[in-house]
Amino acid sequence: MKTYSHWIDGAFQEPASGQWMHTIDPYQGEPWANIPCGNSEDASIAVAAAKRAMTTGPWAGMSATERGKIMRRIGDITLENLDRLAEIEVRDNGKLLAEMNGVIKNVAEIWYYYAGLADKIEGSVMPMEKAGVVGFTTREPIGVVLALTAWNAPLNFLALKCAPALAAGCSAVVKPSEFSSASSLEFVALTKQAGLPDGVLNVVTGLGKDIGAPLVEHRDVAMITFTGSDITGAKVYEAAARQMKRVAMELGGKSPNIVFEDADLEQAVAGAISGIFGGGGQMCTAGSRLLVQNSIKEKFTQLVVAAAHAVKVGNPMEAATQMGPMSTAPQFQKVMEYIDIASAEGAKCIAGGKPAVGPGIKGGQFIEPTIFTDVTNNMRIAQEEVFGPVLCIIGFENEAEAIEIANDTLYGLAAGIWTSNIGRLFRMSKALQVGTVWGNTYRTYSYLMPFGGMKQSGVGRELGIEAVNEFLETKSIMISIADAQPQNNFVPR
Ligand code: NAD
């Protein structure tokens, strides 16, 4: 069994605790590797390395163009190691190999995109209102960035956070989820081959309370970028606020996928199914509330149920599989509890609802594609994030009611609209309180398009040019060019 160490200052380093924990293959239901149990001592060593890299190391003096070239090589090396990295992701999180292959290809694209952006970060020269002073701004790296990531797509999160951070000139410490840390450790070691100076990117592992919390509290961490649950996100936000640290938060969702009677129903069924059963529903953007216009609700429900029964559940390494296991044992328990809660609330289970069994199914963490109807939007099953293959179907009468139900949630991550009415697509895009709207598609992503949540789904944006701003400070510089000091230049603030 492979035993990993932290990656700090360009080398593997054993944990200060001298302790490791198992990481489990959710398909086999068995440990397949050991990862370090990090603590506050490891946190301090990693942050110190990242701080040195940003202050006295070669990264600090490097031109943005040179930084971009190294980041480009990180993209190349990602592609060269695609198969290996994708397999490690699947072993740790049980997602489909085909999906993880696509994700890792996209990871390389993210590194390429921000490599190109590194030397396009510019300040401005101001037309000053008084003669004798030149005023301009520079954009400077905020400092050491802490990236805390969730278990469902670790290398994707690492790229989403660290590629713009490095383009901005920052260094980073990454703390991946204790359930899926191996890929981040494998990946970060490759960055050395790309020529990334020691200490710029560090990965430490362990439980959130043991090493995540001390990292958040560390005085030399300037900013925290977090992907995970809103409950942990709020704890991290509170701790960051005590030191006025900047945060970017990518949190949960309860996204509505809204189907009108004039939609292409075949397409809408495919969007509804992949929106909730893709990744076993373990996606922040899962379209877990299917809002269907009452005039087609019965017919559409039948189509969705038939499609759910056809979803092939099994070994995530096999090409024909469409849904793998729940990534973690606690997540399996949580989803099963929500199925019970929904039934107790009076929702009617019309597909699935049980652990999945059958040929090719192992490890005890599979759940059948599950659909509830007779759901009202105030039920817990319609309000709380399940993060599993559980869909609730809710009827609506007209556009106004669809918008009201869609927005009646604490979350605001994404929404899908299925209709052939173009005007409605524009009207609803404006009215929905979410960070991403999909019209006649679902789960379409682009590294050019900013991604993030409104309301309790988050703070800040990842991807696109916007993401790099999260890691920059603007500095205003005013220099007198007059022979004598200008008079009356003191404006109190
Ligand atoms: P989580 O909140 O349990 O953990 C996230 C990270 O925080 C982990 O690395 C964990 O170890 C760490 N952590 C836990 N306690 C901590 C503490 N006190 N201080 C510092 N760090 C701590 O989330 P999870 O269960 O790994 O991920 C699932 C959640 O992530 C879901 O809610 C999902 O919606 C969300 N998610 C959001 C997005 C998005 O982009 N919006 C994407 C994927 C997942």
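Everything quoted here is computed from the prediction, not taken from an experiment.

Reading the values: rules and limits
Residues numbered from 1 in each chain as written. Predicted model: local features only at pLDDT ≥ 70, side-chain atom pairs only at ≥ 80, totals over all residues. Heavy atoms only, no water. Core = buried A, V, L, I, M, F, W, Y, C linked by side-chain atoms within 4.5 Å. Buried < 20%, exposed > 50% of the residue type's maximum accessible area, 1.4 Å probe, protein only. Helix = DSSP H or I, 4+ residues; strand = E, 2+ residues; numbered from the N terminus. Contact = heavy atoms within 4.5 Å. Salt bridge = Lys/Arg side-chain N within 4 Å of Asp/Glu carboxyl O.

A. Main features of the nonpolar core. Ranked by internal contacts, the top residues of the largest apolar core, which has 69 residues, are Met71, Trp111, Tyr114, Cys162, Leu196 and Leu201. Tallying contributions element by element places helix α5 (residues 97-117) first for this core, with eleven residues. In contact with cysteine 162, not counting residues within four places along its chain, are Trp111, Ala147, Ala172, Val174 and Leu201. With 33 residues, the next largest nonpolar core counts Tyr27, Val313, Trp418 and Tyr442 among its residues.

B. Quick peek at the side chain of glutamine 282. Its place among the elements puts glutamine 282 in the loop between α10 (265-277) and β14 (289-293). A relative accessible area of 1% means that glutamine 282 is categorised as buried. In this structure, glutamine 282 is in contact with Lys95, Trp151, Asn152, Pro325, Met326, Ser327, Gln331 and Phe387, ignoring residues within four places of it in sequence.

C. Main features of the pattern of salt bridges. Tallied over the entire structure, the rule returns 20 salt bridges. With its nearest N and O atoms 3.7 Å apart, the salt bridge here joins aspartate 25 to arginine 91. Of this pair, aspartate 25 sits in strand β4 (residues 20-25) while arginine 91 sits in helix α4 (residues 82-93); the two residues are 66 residues apart in sequence, bridging distant segments of the chain. Here lysine 175 and glutamate 178 are joined by a salt bridge, their closest N and O atoms 3.2 Å apart. Using a relative accessible area of 4% as the deciding quantity, one classes lysine 175 as buried. Within the structure, one salt-bridge network assembled from shared partners comprises Asp262, Glu399, Arg424 and Arg427.

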